[in-house]
There are 6 protein chains.
Amino acid sequence: MAIFPTDRPRRSRLVITGAAGGIGKMIRGKLDHIADEIVLSDLTDVSCSGNERSQTCDLADLDAVRALLKGGGDVLHFGGQSTEAPFERILNANLIGSYNLYEAARLEGVRRVLFASSNHVIGFHPRETLLDADSPMRPDSLYGVSKVYGEGLAHLYHDKFGIESLLLRIGSCFKEPSDRRQLATWMSPQDMIHAIERFVMVPRLGCPVVYGRSNNSENWWDNSKTDYLGWNPQDTAEVFRGKVEAATEVPSPLDPAVKYQGGAFVTADHPGTKEE
Amino acid sequence: MAIFPTDRPRRSRLVITGAAGGIGKMIRGKLDHIADEIVLSDLTDVSCSGNERSQTCDLADLDAVRALLKGGGDVLHFGGQSTEAPFERILNANLIGSYNLYEAARLEGVRRVLFASSNHVIGFHPRETLLDADSPMRPDSLYGVSKVYGEGLAHLYHDKFGIESLLLRIGSCFKEPSDRRQLATWMSPQDMIHAIERFVMVPRLGCPVVYGRSNNSENWWDNSKTDYLGWNPQDTAEVFRGKVEAATEVPSPLDPAVKYQGGAFVTADHPGTKEE
Amino acid sequence: MAIFPTDRPRRSRLVITGAAGGIGKMIRGKLDHIADEIVLSDLTDVSCSGNERSQTCDLADLDAVRALLKGGGDVLHFGGQSTEAPFERILNANLIGSYNLYEAARLEGVRRVLFASSNHVIGFHPRETLLDADSPMRPDSLYGVSKVYGEGLAHLYHDKFGIESLLLRIGSCFKEPSDRRQLATWMSPQDMIHAIERFVMVPRLGCPVVYGRSNNSENWWDNSKTDYLGWNPQDTAEVFRGKVEAATEVPSPLDPAVKYQGGAFVTADHPGTKEE
Amino acid sequence: MAIFPTDRPRRSRLVITGAAGGIGKMIRGKLDHIADEIVLSDLTDVSCSGNERSQTCDLADLDAVRALLKGGGDVLHFGGQSTEAPFERILNANLIGSYNLYEAARLEGVRRVLFASSNHVIGFHPRETLLDADSPMRPDSLYGVSKVYGEGLAHLYHDKFGIESLLLRIGSCFKEPSDRRQLATWMSPQDMIHAIERFVMVPRLGCPVVYGRSNNSENWWDNSKTDYLGWNPQDTAEVFRGKVEAATEVPSPLDPAVKYQGGAFVTADHPGTKEE
Amino acid sequence: MAIFPTDRPRRSRLVITGAAGGIGKMIRGKLDHIADEIVLSDLTDVSCSGNERSQTCDLADLDAVRALLKGGGDVLHFGGQSTEAPFERILNANLIGSYNLYEAARLEGVRRVLFASSNHVIGFHPRETLLDADSPMRPDSLYGVSKVYGEGLAHLYHDKFGIESLLLRIGSCFKEPSDRRQLATWMSPQDMIHAIERFVMVPRLGCPVVYGRSNNSENWWDNSKTDYLGWNPQDTAEVFRGKVEAATEVPSPLDPAVKYQGGAFVTADHPGTKEE
Amino acid sequence: MAIFPTDRPRRSRLVITGAAGGIGKMIRGKLDHIADEIVLSDLTDVSCSGNERSQTCDLADLDAVRALLKGGGDVLHFGGQSTEAPFERILNANLIGSYNLYEAARLEGVRRVLFASSNHVIGFHPRETLLDADSPMRPDSLYGVSKVYGEGLAHLYHDKFGIESLLLRIGSCFKEPSDRRQLATWMSPQDMIHAIERFVMVPRLGCPVVYGRSNNSENWWDNSKTDYLGWNPQDTAEVFRGKVEAATEVPSPLDPAVKYQGGAFVTADHPGTKEE
């Protein structure tokens, strides 16, 4: 049963996992207006500026994660494995890691988590299908399966303990789109910052699924069920179309990586277990 | 059975009930381009300008309402009780009043009514649910129940007698939003004027449900089923965000007035009957 | 906000309004297995047997309704006006009466009401449309509008005060079907008894809409959304088909009373107000 | 079973049927950037410029159509009968003609067709109903029925032979809207050009239904299921509203040509067979 | 616009096209209880019994079809081509033939037609997809496309002229199922008779799509939207399962004829035109 | 991309994991008619009869699982942890175990798996909501989250490697229902056997979600999307109602274990990690 034992405090503190990763680098130094203190966390220390400070943490170690969240605050959970990998890596970073994150949040009284999910939880849907928050899961990789699991954890901790999560199914969050598929899936760094702002500001978050993409002309994902959040991406991949098309081959419509939304993940070799 | 015995005449006349109320004041003097004569009606006389003239009318008196509608024309029905109130007040102003309005319309040959419904017919839906015209009713007050009833009357008079109605579920129609909830529910005066224009101009109105809100970033209501009307709100509450947030407390996500769309109506004391 | 302040007691008491009406007569004497005491109520005293006792009550009198519900228990609300009538009659019996019923329930601690709604809340849907609990309202009469209002009240008292209601949209509850339309809309007395049993027994009722009809071959209404109640009608109008068709004319498919689900209500004269 | 035996080549060639028709004239001379060679085809020769060349073809003659498509390339199929007509004309131009077009495409290895379908496949839906790609067909004319058939052919050749089609249900493609209905249905020539560009460029087309209209304020058609194509019309009929309303009568809301989306097609005389 | 100029008469006459075909043979001699006179029609005379009489008719000849329908009555249209065939055969029997049938119905005042459509209008849907009356068309053959067209004609003549049609998408109507696919698609002769009875008896038919299959355990088609007709098939293919499985090979799940609902039609050779 | 490299062989072999568990015991000795050889597997040896033989296997050991599946055949995967447990237990038995099962299936050429999922993947939906195969996941426990993950794995191995799975969300599979909730969730042993038969026999399985419950009067789950499987449960918990109600207390409708479908799982203590 959803219970909400205490009021939500103002943001005096924001914790970022995966601060050394691609998205972590992109957002560091740009969130001063959101919290008094920003804790950057990764396996090793990262450089800090302004109100940031660094705290190392191995997500596979529950005690370390509890220590990281001890001061409370909202969490941006960008840590863990963010591409396909052998099962052992997925197991430690994402299956055990996400459990530790939510369990530590429960034990330390954290009330709100931005969970970096991925379009790869729905990668085996064809491009012709417009998806929304309630579309069935069709993971395209072990990585995608681990995000299906992570979203399940988030729902459990919301329904049972009242911890709110933004399940952000990130498309391709880079400085600019680099292939034709990303003309549809690109999420600009600025639109990511704005999503984080809305995550922090909205009075009632709940546990919504949001697809992370800019306001691109080609679009596979319908976010209208979460209009209540007030997140309206402003950038568009269309301004990069000429550059991208000049630099890349015309793909075959017969290529499964074109047929399905997951792109190259769909056709990638299966990593299997490390031992193989 | 829907029957349409006569052609719809050009607008030589427009009748406004509740002309002394909040919305009435907002639109008076701004509708000359819509009709030759504008009849302003309320319990007491209101001041007029241009092509306006005043005619007092108690909505609880069928004969008076018939007299008001005798000259025909379209009706903007903003009259009646517009907030929660003891049952007797709701009964007279809205249950008897709305019946009198539609019955008089039938008897006097009025063909088109803008019925001021309210978001409080759906106030017990959570904010996370995007609603549209066919979402089930969840009134949050006796006032809301009276609007459920009024929409039912409008459908009956449409299906049986061909009287068309615009069921405008108004959010918060004020000069500007004054609390955080209104950042989502605000409907600007100018967008109200434009809705009235479309109500009058569209060749075939039918009996559609439209949510009355501006083009706000936070949005709980999907109007796409009534795109045929051509009403596209132009204003946005977002320009008032800074001002509103500076002036108001951060609400708790645990507050039912934050959880449900109806806001403070959901937690308001129940008025009961006058006698209590 | 839905609150449930106390546990639901076992049924020591069952109150029936409209006990002198058609359905009231049908079920009297058949509900001993459901409650220790059964209170039969109508404008005048009705004859009792077994554990029944009679208590007169004018639904338009809130004090009288409070007196009726003072002892608590579940309520079968079959009282009020059950066909089309002039507005004054509808107003007193159904608009004021239903409010008094729910307000008295709130004040006296009643937790569960079977609200006798009607197929006439959806009478202007064509027969070709299969309806379910969430289909939009299309009342075919002032009577139907009063039931739209009554369902709205029930939702308000559920969402705000936790009073559960079964919104039973009764088709044609008679000993047997008497015209061709009733081959689709008939609800047998035995299936009504069984619906009452499930209303009383189901651990969690909520506030569901259920269409009251037997297991007829011709069917316009889909109850599957309320399968959780466990109400499975056992009778069928089909066994009366030969008799009905022999006794009645072949109707024209052009007749609005055949086109729309509401039947003769759709084409009936409009009662207007008493004065006319 | 959908099979895709070969990769899709770059556009060295684009074939346009119906090049002498209204839309044909509109787009000629504006597609150089899309293909190396543009073959303009109609019953008689049309004038050419730039990389265009003309080749006559009677669509009712399979051999001629095969000759037209022999060089491969994408096809814009604007040929055939584009308004209501006696059955014989529909039969030859659209029933036999569309079959010949798709059969020739199969035999000559054409992989992609823009099939000019029409809003008249759904003309008997009321304006109040927002339609999308999966709305049931409701043709308003023999012409409309022939387009229902053409869309069926397109699906067969896609599912069985992998030929992709854009099923473009064109509204009113003219230089500007000329009556009040076209304020909703207008598709600007520039938006048509852009649709053709997207048809050619999108890596994977599939066999989608798209409604051909500009970004008009009044809108009956929801294209969001095909957002993946990246076609976002830029023009709007709204800029012509004043001119159109000044030049045309206020229509009656009782006119079936106003009630239904098909407009005058709905009330037009039935052509029957030529012999009558 | 749907208009219904005259009342529907009692069935004094029933016309059956395709009376010499498979289904025709099955139902001949079994419909005396439905009409005073039964006219059996095919290209050549068929033997008659009871109240039947024979009248030859080539469906490709409009005058002959008008002569057949001159006496009015309801029509069971089982005539035309009922399997895949070269385009010329489809063209004459089904494209021209169905037009002639409906045009003759209009000219001769016939008000009700049972149109023998086919599951092959949706044959390219996978078996895993439960279809209903509004599922998009996916024809698996030229034959299937001709039935898509026929359903379109039926809708046009319903919406414009008020002629009602039962669009019966027949599965496999034989004495018993003969392969594993027919364990799902079988429609027993007795269930066909009962469907014809309901077609004739229901006061208001409209223009519904119904899938013709018995009450089989394996089921791909949901008829609940047409429950109003009162057709409830009583037989089941399950009683033939042992016999069928003993007599047939285990099919491969990789076979497109197993993947898609259309079975062998999906993998059949394409007939092309006669000349090839 | 779904690929199906080889035909599916006849069942010469059936492997059952979790053969020593509750369901394993229920079905042992009852599946001779399904396969030539039945391999019973659990952590320790189980007693065999008929064509059964025992092979021990720790699901957390990939090599052992490969050895188990080496001979191919279909798999009934009832192994792993089947109730809530500390995370380490869930991790080994279900997260690692299910991966090993599917990875071994891929490596050893197994083509079909019955995956024992659970109603606890949707346990946080209220009872009033009728769920189907596409309802969003709402796990009520770490156990439930592990089944969300398992279903994700099954989809991945289906979409990428063509391994078919029946995702059977088992309700309460016992000899008879023992509490009031099980009057809705009970699945009889005989209906389980029949589900296994259909799993084995259906020519094309795909990867469907099926709710495992008998034909109970109270019902929360709609299986109609998988009617193509031909599984129609025959038993009903209703015959045990009297016995169950006599033996158990009337639950409070306020109890979350009554409000939500997951029952006692919803209110159970959170196991956390083993160390706590």
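Residues numbered from 1 in each chain as written. Chains lettered and ligands numbered in written order. Predicted model: local features only at pLDDT ≥ 70, side-chain atom pairs only at ≥ 80, totals over all residues. Heavy atoms only, no water.

### Re the arrangement of the chains
Part 1 of the argument: At the C-alpha level, the nearest point of chain B lies 13 Å from chain E, with no contact between them.
Part 2 of the argument: Taking C-alpha atoms as the reference, chain D and chain F come no closer than 13 Å and do not contact one another. (Contact = heavy atoms within 4.5 Å.)

### Looking at the relation of the copies chain C and chain E
Part 1 of the argument: Expressed as a screw transformation, the operator carrying chain C onto chain E has a rotation angle of 120° and an axial translation of 0.0 Å, and the superposed copies differ by an RMSD of 0.0 Å. Taken together, the turn and the small shift mark the pair as related by a three-fold rotation axis. Proximity to the rotation axis, assessed at the C-alpha, singles out Ser-224 of chain C in chain C; its C-alpha lies 6.4 Å from the axis. (Least-squares fit on C-alpha atoms with pLDDT ≥ 70 in both.)

### A short note on helix 6 (residues 189–201) of chain C
All names here are of chain C.
Part 1 of the argument: In this model, helix 6 (13 residues) spans 19 Å end to end at C-alpha, consistent with the 18 Å of a helix rising 1.5 Å per residue.
Part 2 of the argument: Taken across its 13 residues, helix 6 has 10 buried, putting it largely inside the fold.
Part 3 of the argument: Restricting attention to buried positions, one finds in helix 6 the residues Pro-189, Asp-191, Met-192, Ile-193, Ala-195, Ile-196, Glu-197, Arg-198, Phe-199 and Val-200. (Helix = DSSP H or I, 4+ residues; strand = E, 2+ residues; numbered from the N terminus. Expected span 1.5 Å × (residues − 1). Buried < 20%, exposed > 50% of the residue type's maximum accessible area, 1.4 Å probe, protein only.)

### Considering the interface of chain C and chain E
Part 1 of the argument: Each partner contributes residues to the interface: chain C has 16 residues there, and chain E has 20 residues.
Part 2 of the argument: Contact with chain E buries area across many residues of chain C, yet Glu-128, Pro-253 and Leu-254 of chain C alone supply 36% of it, more than any other trio.
Part 3 of the argument: Where chain C packs against chain E, one counts 2 salt bridges.
Part 4 of the argument: Among the ionic pairs, Glu-218 of chain C bridges to Arg-198 of chain E, the shortest N-O distance being 3.1 Å.
Part 5 of the argument: Our count for the contact surface shared by chain C and chain E stands at 5 residue pairs in polar contact (both at pLDDT 80 or more).
Part 6 of the argument: Breaking the side of chain C that touches chain E down by element, the ones donating at least two residues are helix 7 (241–247) and helix 8 (256–259) of chain C.
Part 7 of the argument: Here the residues of the side of chain C that touches chain E are counted per class, giving 7 nonpolar, 3 polar and 6 charged. (Buried area = accessible area lost by both parts, 1.4 Å probe. Salt bridge = Lys/Arg side-chain N within 4 Å of Asp/Glu carboxyl O. Polar contact = N/O pair within 3.5 Å; in protein donor to acceptor, adjacent residues only side chain to side chain. Nonpolar A, V, L, I, M, F, W, Y, C, P; charged D, E, K, R; others polar.)

### A short note on the interface of chain C and chain B
Part 1 of the argument: Contacts between the two partners involve 41 residues from chain C, matched on the other side by 40 residues from chain B.
Part 2 of the argument: When chain C packs against chain B, the two sides together hide about 3,400 Å² of surface, and 69% of this comes from carbon and sulfur.
Part 3 of the argument: The interface formed by chain C and chain B contains 0 salt bridges.
Part 4 of the argument: The interface formed by chain C and chain B holds 10 residue pairs in polar contact (both at pLDDT 80 or more) in total.
Part 5 of the argument: Only helix 2 (62–69), helix 3 (87–108), helix 4 (142–161) and helix 9 (264–267) of chain C provide two or more residues apiece to the side of chain C that touches chain B.
Part 6 of the argument: Take the side of chain C that touches chain B: its biggest share by element is 12 residues, from helix 4 of chain C.
Part 7 of the argument: In terms of residue class, the side of chain C that touches chain B is made up of 26 nonpolar, 6 polar and 9 charged.

### Points about the pattern of salt bridges
Should the charged atoms of two oppositely charged side chains come close, the side chains can pair.
Part 1 of the argument: Going through the model one piece at a time under the given rule, you end up with 90 salt bridges over all chains.
Part 2 of the argument: The shortest N-O distance in the salt bridge between Arg-13 of chain E and Glu-37 of chain E comes to 3.3 Å. Of the two residues, Arg-13 of chain E is situated in strand 1 (residues 13–17) and Glu-37 of chain E in strand 2 (residues 37–40); the sequence distance between them amounts to 24 residues.
Part 3 of the argument: A relative accessible area of 7% means that Arg-13 of chain E is categorised as buried.
Part 4 of the argument: Look at the salt bridges and you will find they share partners, linking Arg-198 of chain A together with Glu-218, Glu-238, Arg-241 and Glu-245 of chain B into a network.

### Points about the sheet that holds strand 1 of chain E
Residues and elements named next belong to chain E.
Part 1 of the argument: With parallel pairing, 7 strands are arranged side by side in an open sheet as 3-2-1-4-5-6-7. The sheet is open, and its two edges are formed by strand 3 (52–54) and strand 7 (209–212), each paired on a single side. The average undirected angle you get between the axes of adjacent strands in this sheet is 20°.
Part 2 of the argument: Against the sheet, helix 2 (residues 62–69) contacts strand 1, strand 2 and strand 4 (74–77), and its axis sits at roughly 150° relative to strand 1. (Pairing = 2+ DSSP bridges. Axes fitted to C-alpha atoms, helices over the stretch in contact; angles between N-to-C directions.)

### Considering the UniProt feature "domain: NAD-dependent epimerase/dehydratase" (unreviewed entry) in chain A
Part 1 of the argument: Mapped onto this numbering, the UniProt entry annotates "domain: NAD-dependent epimerase/dehydratase" (unreviewed entry) at residues 15–173 of chain A.
Part 2 of the argument: Measuring from the first to the last C-alpha atom of residues 15–173 of chain A gives 20 Å, for a span that is 35% helix and 19% strand. (UniProt positions renumbered as here; feature names shortened; annotations may be inferred.)

### Let's talk about the relation of the copies chain C and chain B
Part 1 of the argument: When chain C is brought onto chain B, the operation consists of a screw motion whose angular component is 180° and whose axial shift is 0.0 Å, with 0.0 Å RMSD remaining. When the rotation and shift are considered jointly, the pair of chain copies conforms to a two-fold rotation axis. Considering only C-alpha atoms, the part of chain C nearest the rotation axis is Tyr-149 of chain C, at 2.5 Å.
Part 2 of the argument: Interface residue correspondence from chain C to chain B reaches 98%, placing this contact among same-surface, isologous pairings.

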